[in-house]
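Here is what each chain is made of, one letter per residue.
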Amino acid sequence: MKGIEIYVAIAYVILGPIVGGLLDGLDRVITARLQGRVGPPLLQPFYDLRKLLTRRIAPVNSLQMPLIASHLVFAILTGVLFFYGSDILLIIFVLTLASVFLVLAAYSTGSPYSTIGAERELLLMTAYEPMIIIALVGLFGVAKSFDFYAILSSKMPAYLYLPGIYLGLVYVLEMKLRKSPFDLSTSHHAHQELVMGLTADMGGPALAMVELAHWYESVYLFALVLLFFSSSWVSAILGVGFTYLLIILLDNATARVKWELALSFAWIVALVAGAGNLIPFYLISRGSP
Amino acid sequence: MSSIERSPWLIHYDASSCNGCDIEVLACLTPVYDAERFGCIVTGDPKQADIFLVTGSVNHLNAPILKNIYDQMPEPKAVVAIGACAYSGGVFAECYNVAGGVATTIPVDVYVPGCAAKPESILDGVVRAAMILKEKEKAGRKARALARKEGRRSPKRRAGGAT
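Each residue is numbered by its place in its chain's sequence as written, counting from 1. Each chain gets a letter, beginning with A, and each ligand a number, beginning with 1, in the order they are written. Totals for whole chains, interfaces and linings use every residue, but because this is a predicted model, local features are given only for residues with pLDDT of at least 70 and side-chain atom pairs only at 80 or more, for both listing and counting.

Caption draft 1: Spotlight on the overall build of chain B. In this text, helices come from DSSP runs of H or I with a minimum length of four residues, and strands from runs of E with a minimum of two, each type numbered from the N-terminal end. Summing up its helical and strand segments, chain B has four helices and six strands in all. From first element to last, N terminus to C terminus, chain B shows the α and β order β-α-β-β-α-β-α-β-β-α. Principal-axis analysis of the C-alpha atoms places the extent of chain B at approximately 65 × 40 × 25 Å. Any residue whose C-beta has 12 or fewer other C-beta atoms within 10 Å is treated as exposed, any with 20 or more as buried, and any in between as partly exposed, C-beta atoms being built from the backbone. Counting all 163 residues of chain B, 41% fall into the buried class. Contacts spanning at least 24 positions in sequence make up 81% of the contacts within chain B whose residues lie at least 6 apart. The contact criterion used here is simple: two residues whose C-beta atoms, placed from the backbone, lie within 7 Å are in contact.

Caption draft 2: Fine view of the interface of chain A and chain B. In this complex, chain A contributes 25 residues to the contact, which on the side of chain B involves 19 residues. With five residues, the single largest contributor to the side of chain A that touches chain B is helix H2 (residues 44-54) of chain A. Residue polarity follows a fixed list, in which Ala, Val, Leu, Ile, Met, Phe, Trp, Tyr, Cys and Pro are nonpolar, Asp, Glu, Lys and Arg are charged, and the others, Gly among them, are polar. For the side of chain A that touches chain B, the class distribution of residues is 10 nonpolar, eight polar and seven charged.

Caption draft 3: Region of interest: the pairing of strand E2 (residues 51-55) of chain B. All names here are of chain B. When you tally the buried positions in E2, you get five out of five residues, the bulk of the element. Residues Ile51, Leu53 and Thr55 point to one face of E2 and Phe52 and Val54 to the other, with burial holding for every one of them. Any two strands with at least two DSSP bridges between them are considered paired. The pairing of strand E1 (residues 10-14) with E2 spans five bridges and is classified as parallel. Bridge pairing in E2 links Ile11 to Phe52. Handedness is read with the strands pointing away from the viewer; a crossover is right-handed when the path from the first strand over the helix to the second is clockwise. With helix H1 (residues 20-29) bridging E1 and the parallel E2, this β-α-β connection has left-handed handedness.

Caption draft 4: How the structure looks around the sheet that holds E2(B). Residues and elements named next belong to chain B. Reading across from one edge, E1-E2-E4-E6 is the order of the four strands in this open sheet, with parallel pairing throughout. A single partner strand is all that each edge strand has here, and the edge strands are E1 and strand E6 (110-112). Across the sheet, the mean angle from the axis of one strand to that of its neighbour is 20 degrees, orientation sign disregarded. Taken together, the five bridges between E2 and strand E4 (residues 78-82) define a ladder with parallel strand orientation. Counted as the bridge partner of Phe52 is Val79 from E4. Each axis is a line fitted through C-alpha atoms, taken for helices only over the stretch in contact, and angles between the N-to-C directions span 0 to 180 degrees. Contacting E1, E2 and E4, H1 crosses the sheet at an angle of about 145 degrees to E2.

Caption draft 5: Representation of the nonpolar core within the structure. Core analysis: the largest hydrophobic core is formed by 72 residues, its most contacted members being A:Met131, A:Val172 and A:Ala266. Here this core takes 14 residues from helix H9 (residues 205-226) of chain A, the largest share from any one element. With near-sequence residues (within four places) excluded, A:Ala266 lies in contact with A:Ala127, A:Tyr128, A:Met131, A:Tyr171 and A:Val172. Any set of buried Ala, Val, Leu, Ile, Met, Phe, Trp, Tyr and Cys residues joined through C-beta atoms within 7 Å is what this text calls a nonpolar core. In terms of nonpolar packing, the next biggest core, distinct from the first, is built from 40 residues, B:Trp9, B:Leu53, B:Val102 and B:Ala116 among them.

Caption draft 6: Main features of the packing of helix H1 (residues 4-34) of chain A against helix H3 (residues 64-84) of chain A. Residue and element names in this part refer to chain A. Following both chains from N to C, one finds H1 and H3 inclined at 150 degrees, their axes separated by 8 Å at the closest point. Here H3 runs roughly antiparallel to H1, going by the angle between their axes. Note that H1 runs across H3; the crossing there is right-handed. For the pair formed by H1 and H3, the contact residues are Glu5, Ile6, Val8, Ala9, Tyr12, Val13 and Gly16 on the first element and Ile76, Gly79, Val80, Phe83 and Tyr84 on the second. Of the residues assigned to the contact of H1 with H3, the class counts are nine nonpolar, two polar and one charged. Here the word oblique covers every angle except those under 35 degrees (roughly parallel), over 145 (roughly antiparallel) and from 65 to 115 (roughly perpendicular). The sense of a crossing depends on the near helix, which, turned anticlockwise from the far helix by less than a right angle, makes the crossing left-handed and, turned clockwise, makes it right-handed.

Shown next as C-alpha cells:
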C-alpha cells in the first residue's frame, strides 16, 4: 500500500489539468445541449488556455503575477497533499491559502470590479468553509481516518450514513466551482453585472494560470465527492457522475443570488444538513461499538 | 499551430447606437444563433478580449473611450464595425456632435452591413475577424523572429565597435 500515494500525487500533477479541462469542456457541451444549441467543441477549454498563454500583455502591476502564480502553486499543492494522504487539517489550511492568494491578486489590481469580486470571494469562502470541515469530520466518523486512501479503502457506503452532509457538500461545491446560483465573484457567462469580477484586469497568461488552478481544484473536489461513494466501482462512477450532472443542472436552472442570501443559506445548510446529520450519526455510532 | 482563431473572445462597445445593432449582437449569444460554437466568449474585459465589436457612430464624447478600450486590448486584435452608423455615421452623420464612423478613431478590420445588422451577418463578421487575427498573429510572429535576428546581430556589431 505504501508507495502508491506518491505515484498518484505525481499523476495528479501531470494529468490533473487534462482531467480538469475535459470536465470543463464536457460541462460547456452539456450546458449548450441543455439550452438547445450546438455549443463549443469538447476541447474548447484547451484552445482557450493555449491562446491565453500566447497572448502578450503587460501585467497591471508587479505584484499580480507572483500572487496568481502562488494561487496556482497552492492549488496544486492542496491536491498533492490530498492524494498523498496527508493530514486533512493541513489540506484545509493550504486550500484556504490558495483562495486567499487569488483574492489578494484581485485586490492588487485596484479595479473597482475586481475589488468587489474579491470581497464577494471572501464572503463565499466564509460561506463554504464550515460545510467542508463538517464533510471531512463526517468522513472521519465513517472511516476513522483523515487519510484519503484509508477512507477510500474502508468500503463503507458513506452516502448511506451521511446523506445530509453529501447534500450540503454539493451545495457548497456550487460555490467552489463558481457555478450559478453562487457565481457572485466571477462567471464564465456573458453579461454579469460585475464585468469579470474577480478576474477583471487579468489578461493572457495571468488568466491562463487562474484557469489552470481552477482545473486542478475541480479534480480534487470531485475526488472528495468520490469518497462518499467509494464502496464499489459502480457506486463510485454513478455517484460522481450524478453529482457532476446535478451541479450542471443547478447551474443552468438557477439565477444568481445576492451575497446576503448566499452567506446565510450556506450556514443554514451547514447547520441543518451538515450538523443535523453529524450529531445523530455520532450518537448512533457511539451506541453500537 | 495558431489557436487564436479557435477561441476569439469578444468585447462589445456601444458608441452612440440606437440599440438596434446592440440587440442583434446580443441575439448572437442566444441559443438560436449560438456564437459559442465558434469558441466565442463575451468577456467585457478588454485585457481578455481579441475582437472588438463596435456599434453606432462615434461622437466627440465617446471617441476617447473607444480609443482607451482599443489600447487596452493585447496584440493581435481585430475591430468589427457593425451597422451603417459604425461605417459612416449612418443617419446621424450630419449631426453637429457626430465625428463619423468607427474608422475616424481606431483602425477597422471588418465592416458588417445593415441597419440594423442581422445576427447571421454579425457572426460572419466575427468569423472573418478571427481569420484576420490568425493572419495578424502569423505576421507578428514573423516580425518578432526578424527583430530577434536583428537584435542578435546588432549587439555583436556594437561590441565589435567598442574593442
